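A look at the structure
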Amino acid sequence: LLAPVARPDSMWVPDQYIRVPGVASDVHVPAHWEHRLPSGQLYSPPLVGTTPEGQSVPLPPGTYPPARPGLFAD
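1. Let's talk about the sheet that holds strand β5 (residues 42-44)
Strand order in the open sheet formed by four strands is β1-β4-β5-β8, and the pairing between neighbours is antiparallel. Edge strands, defined here as strands with exactly one partner in the open sheet, are β1 (10-13) and β8 (62-64). Along the sheet, successive strands turn relative to each other by an average axial angle of 35°, direction set aside. In the sheet, β5 pairs with β8 via three bridges, with the strands oriented antiparallel. Bridge pairing in β8 places Tyr 43 opposite Thr 63.

As structure tokens, then:
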């Protein structure tokens, strides 16, 4: 695999597992690019996560602080 090319206005986010309120198991979020806004916040595009059971979980687009553990806070 080739490493993604770094772009100053974007950040590569590798595959991750997160907790989503209302979902019983961790949700796999596929790798994606997040765009850095002039405010310093990160913008995540709309994504579709999956549970180990195969359930699709829509993850809405949005802005987040530059340092965050995942797409949703516990």
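2. Considering the packing of aromatic side chains
All chains considered together, the criterion is met by one aromatic pair. Centre to centre, the rings of Trp 12 and Trp 33 are 5.2 Å apart; their planes meet at 65°, and the pair counts as edge-to-face. Note that Trp 12 is positioned in strand β1 and Trp 33 in strand β4 (residues 32-36), a separation of 21 residues in sequence.

3. Quick look at the side chain of His 28
Following the sequence through the fold, His 28 ends up in strand β3 (residues 27-29). For His 28, the side chain forms a polar contact with the side chain of Asp 15, separated by 3.1 Å. Those residues in contact with His 28 that sit more than four places away from it in its chain are Asp 15, Gln 16, Tyr 17, Gly 49 and Thr 50.

Thresholds, definitions, all that
Residues numbered from 1 in each chain as written. Predicted model: local features only at pLDDT ≥ 70, side-chain atom pairs only at ≥ 80, totals over all residues. Heavy atoms only, no water. Pairing = 2+ DSSP bridges. Helix = DSSP H or I, 4+ residues; strand = E, 2+ residues; numbered from the N terminus. Axes fitted to C-alpha atoms, helices over the stretch in contact; angles between N-to-C directions. Phe/Tyr/Trp six-rings, centres within 6.5 Å; stacked < 30°, edge-to-face > 60°. Polar contact = N/O pair within 3.5 Å; in protein donor to acceptor, adjacent residues only side chain to side chain. Contact = heavy atoms within 4.5 Å.

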